[in-house]
Amino acid sequence: MNAPLAFMDPAAAGLQIGGAAARALSLELDTWPKPGLVSPFDCGSHDDMDAAMLLRSIAVLEPFLINLAEAGAAEADMATLRRIGIAAEAAMLRATRGVNTHRGAIFGLGLLCAACGATANGLEPKAARLGNIVRSRWGAAIRHMPVDCTSHGAVAVRRYGARGARLEAASGFPSVYEVGLPALRAGLALSGGDAEAARVQACFALIAVLDDTNLLHRGGSDGLAFARREARHFLESGGVGLAGWRDRAAQTHRAFVERHLSPGGAADVLAMALFVCSVEGRLQVAV
Ligand SMILES: CC(C)(COP(=O)(O)OP(=O)(O)OC[C@H]1O[C@@H](n2cnc3c(N)ncnc32)[C@H](O)[C@@H]1O)[C@@H](O)C(=O)NCCC(=O)NCCS
Ligand SMILES: Nc1ncnc2c1ncn2[C@@H]1O[C@H](COP(=O)(O)OP(=O)(O)OP(=O)(O)O)[C@@H](O)[C@H]1O
């Protein structure tokens, strides 16, 4: 059973929250098949990273996620969260020798950890949605954050008018609550309680709707349209409720790899949904 974290001891809350975030990242990594993404079985569309590198990155990031939760509990402003986030990115790049394994995840999960810290310390109601806390506490500051105009995401946002990681966060992570969590629930029901099937269902549901700047960067608007179409097709054919769903999903995985497409944003949002599940206890079963 996946009971919500109890936070009996506020001093231990940061450790619990950061640990839950790191576990969400490991669960995302373990999930297979995820179209184009890295898993313990293969490197998907990536020639510069593998599961061992992602695991190293997760281990290095956990203390920063703990630190972000503690900062949220101490009513930190966005400038403080940003300093921790930038330090986490630097540590990730040192651990991976320059490969961007978890940039989007540090940002989104980091903000959710800070919001969770605020609930653990009584600054926000325990039953509040973490996404709403991010929006109300830091949303305005996120919208006005300095933008690195050369980043892949910023170029895609400008060139294609995409929503990117920043807008997702500033608006309270609607993709986590309106897509990721309902799809995890649907996946559990369709598969008769198979946790990995539920994660695969959620991954496809997210690919089907997200403005994923990784897909735009690698495949342009045709790449994004292809990815969404393939994901929708899988879901409309029955998703993980279909006999042989794993083979179908693996076929889609291979089609993404052939086109060098990788929905890194969907992977990040899947990890965020798994984190929210574990700390808000929304599904009442482990996924
Ligand atoms: C805002 C961030 C994500 C940078 O964005 P930018 O567009 O410059 O980078 P980039 O293209 O690399 O995108 C970041 C990643 O977000 C993920 N992503 C892509 N699309 C989406 C989407 N629609 N929704 C959510 N995540 C997405 C992908 O994994 C992508 O790799 C962030 O890295 C940043 O500014 N960090 C500074 C530290 C900070 O302020 N941290 C806050 C507290 S933790
Ligand atoms: N399991 C996963 N497999 C692949 N990417 C993932 C996974 N989980 C999360 N991601 C996200 O995908 C992003 C990496 O994608 P990508 O390598 O395309 O980015 P990039 O370094 O900006 O571009 P490129 O490698 O094309 O130069 C990371 O920010 C990471 O958060």
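The paragraphs below set out a description of the structure included in this document.

Definitions and limits used
- Residue positions are counted from 1 within each chain, in the order its sequence is given.
- Working convention: letters from A go to chains and numbers from 1 go to ligands, in the order in which they are written.
- Side-chain atom pairs in this predicted model are given and counted only at pLDDT of 80 or more, local residue features only at pLDDT of at least 70, and totals for whole chains, interfaces and linings cover all residues.
- Going along the chain from the N terminus, every DSSP run of H or I of four or more residues is numbered as a helix, and every run of E of two or more is numbered as a strand.
- Only C-alpha atoms enter the radius of gyration; for comparison, a globular chain is expected to reach 2.2 Å times N to the power 0.38, where N is the number of residues.
- Each residue is classified by how many other C-beta atoms fall within 10 Å of its C-beta atom, where C-beta atoms are placed from the backbone; a count of 20 or more means buried, 12 or fewer means exposed, and values in between mean partly exposed.
- As used here, a nonpolar core is made of buried Ala, Val, Leu, Ile, Met, Phe, Trp, Tyr and Cys residues. They are joined through C-beta atoms within 7 Å.
- By the convention adopted here, residues are in contact when the distance between their C-beta atoms, placed from the backbone, does not exceed 7 Å.
- Using a C-beta atom placed from the backbone, a residue is scored as near a molecule or strand whenever that atom is within 6 Å of it.
- In this analysis, the expected span of each helix is defined as 1.5 Å times one less than the number of residues it contains.
- One axis is fitted to the seven residues ending at the residue and one to the seven starting there. The bend at that residue is the angle between these axes.
- Comment: axis = line fitted to C-alpha atoms, over the contacting stretch for helices; angle = value between 0 and 180 degrees taken between N-to-C directions.
- Orientation categories follow fixed angle ranges, with anything under 35 degrees roughly parallel, anything over 145 roughly antiparallel, 65 to 115 roughly perpendicular, and all other angles oblique.
- The hand of a helix crossing depends on one turn: near helix anticlockwise from the far one by less than a right angle means left-handed, and clockwise means right-handed.
- Polarity classes work like this: nonpolar for Ala, Val, Leu, Ile, Met, Phe, Trp, Tyr, Cys and Pro, charged for Asp, Glu, Lys and Arg, and polar for all others, with Gly in that last group.

### A word on the overall build of the protein
The secondary structure content of the protein amounts to 12 helices and 0 strands. Taken from the N to the C terminus, the helices and strands of the protein come in the order α-α-α-α-α-α-α-α-α-α-α-α. In summary, the protein has a C-alpha radius of gyration of 18 Å against a globular reference of 19 Å for 287 residues, a match within 12%. Its C-alpha atoms give the protein principal-axis dimensions of roughly 45 × 45 × 30 Å. Scored against the burial criterion, the 287 residues of the protein give a buried share of 51%.

### Notes on the nonpolar core
Among the nonpolar cores identified, the biggest contains 91 residues, and Leu109, Leu112, Ala273 and Phe275 are the most heavily contacted of them. Discounting residues that sit within four places of it in the chain, Phe275 has contacts with Ala20, Ala21, Ala24, Leu109 and Leu112.

### Some thoughts on the site of ligand 2
Taken together, 19 residues lie near ligand 2, and Leu37, Val38, Asn100, Gly264 and Ala267 sit nearest. Elements with a minimum of two residues in the shell around ligand 2: helix H1 (10-30), helix H4 (103-120), helix H10 (213-236) and helix H12 (264-280).

### Overview of unusual backbone geometry
With an omega of 0°, the peptide bond running from Trp32 to Pro33 counts as cis. The phi torsion at Arg97 lies on the positive side, around 55°, for a residue other than glycine. We classify Arg97 as exposed; it has 8 C-beta atoms within 10 Å. In this model, His260 sits at a positive phi of 60°, which is unusual for a non-glycine residue. The topology assignment puts His260 in the loop between helix H11 (245-258) and H12.

### Comments concerning the site of ligand 1
Around ligand 1 there are 32 residues in total, and Gly85, Gly104, Gly110, Gly153 and Gly265 lie nearest to it. For the shell around ligand 1, the secondary-structure elements that each account for two or more residues are helix H3 (78-96), H4, helix H6 (152-160), helix H7 (165-170), H10 and H12. Broken down by element, the shell around ligand 1 gets its largest block of residues, 7 residues, from H4.

### As for H10
Taking 1.5 Å of rise per residue, 24 residues should cover 34 Å, yet H10 covers just 24 Å from first to last C-alpha, more than 12% shy of that figure. The largest bend in H10 comes to about 125°, at Gly219.

### Details of the packing of helix H8 (residues 174-191) against helix H9 (residues 195-209)
Their axes nearest at 7 Å, the elements H8 and H9 cross at an angle of 140°. When the axes of H8 and H9 are compared, the pair comes out oblique. For the pair H8 and H9, the crossing hand works out as right-handed. Contact residues: H8 offers Ser175, Val179, Gly180, Ala183, Leu184, Ala186, Gly187, Leu188, Leu190 and Ser191, while H9 offers Ala197, Ala198, Val200, Gln201, Ala202, Ala205, Leu206 and Val209. Residue classes in the contact of H8 with H9 are distributed as 13 nonpolar, 5 polar and no charged.

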